[in-house]
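Listed below, chain by chain, are the residues.
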Amino acid sequence: MDSIFHYYGNLVRRLFLGGAILMLLTLPFLNALLPVPLFYSLLIIIVLSLVAGFTSPVKRWAIALNEAIAIIAVLSFEYYAVTYYVMYSAGSSLFLVNQLLALDFLIALYFNTKTLREMISRKTV
């Protein structure tokens, strides 16, 4: 296997896991304000953890899946951050958590895109 010069999967894994941990830690306090049932929130946390675990430089599908999840996460969390900012103001803990999660997944998206670009351009794996 060729080495991947721009492989940032380890960083993306940490960002995904960090996002899942933040969601898990804040869930008991913010659950009543969330637009989805508790089960879906827990399912998303588990899926993020599983996808982080599958991230590997030899699994192109895992890198592509990370890309899709990061895009969806940035769109979702930033949408709700803006929505809650308008509803509750910047001091809202729900706004702050959503904004932090959107930032976390935006950084993950950037680094994962660099990895995906390298995999596609060098035809590795």
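Look a little higher up for the structure.
Note that the structure is a prediction, hence the values are computed from the model and not measured. (Residues numbered from 1 in each chain as written. Predicted model: local features only at pLDDT ≥ 70, side-chain atom pairs only at ≥ 80, totals over all residues. Heavy atoms only, no water.)

Draft legend 1. Focus on the nonpolar core. Membership of the largest hydrophobic core comes to 27 residues, with the highest contact counts inside it found for Phe 16, Met 23, Leu 48, Phe 77, Leu 101 and Phe 105. If you list the elements that add at least two residues to this core, you get helix 1 (9–30), helix 2 (38–54), helix 3 (60–88) and helix 4 (93–122). The leading source of residues in this core is helix 4, at 9 residues. Beyond its immediate sequence surroundings of up to four residues, Phe 16 is in contact with Leu 48, Val 51, Ala 52, Asn 66, Ile 69, Ala 70, Phe 105 and Ala 108. (Core = buried A, V, L, I, M, F, W, Y, C linked by side-chain atoms within 4.5 Å. Buried < 20%, exposed > 50% of the residue type's maximum accessible area, 1.4 Å probe, protein only. Helix = DSSP H or I, 4+ residues; strand = E, 2+ residues; numbered from the N terminus. Contact = heavy atoms within 4.5 Å.)

Draft legend 2. Representation of the packing of aromatic side chains. One pass over the structure, following the stated rule, counts 9 aromatic pairs. Judged by centre distance (5.6 Å) and plane angle (55°), the rings of Phe 54 and Trp 61 are tilted. Judged by relative accessible area, which is 43%, Phe 54 ranks as partly exposed. Judged by relative accessible area, Trp 61 falls into the partly exposed class, the value being 47%. Judged by centre distance (4.9 Å) and plane angle (80°), the rings of Tyr 110 and Phe 111 are edge-to-face. Tyr 110 sits in the partly exposed class, given a relative accessible area of 48%. (Phe/Tyr/Trp six-rings, centres within 6.5 Å; stacked < 30°, edge-to-face > 60°.)

Draft legend 3. Spotlight on helix 4. Given a rise of 1.5 Å per residue, 30 residues ought to cover 44 Å, and the 43 Å separating the end C-alpha atoms of helix 4 matches this to within 8%. For helix 4, the N-terminal capping position is held by Ser 92, with its side-chain oxygen 3.2 Å away from the main-chain nitrogen of Leu 94. (Expected span 1.5 Å × (residues − 1). Polar contact = N/O pair within 3.5 Å; in protein donor to acceptor, adjacent residues only side chain to side chain.)

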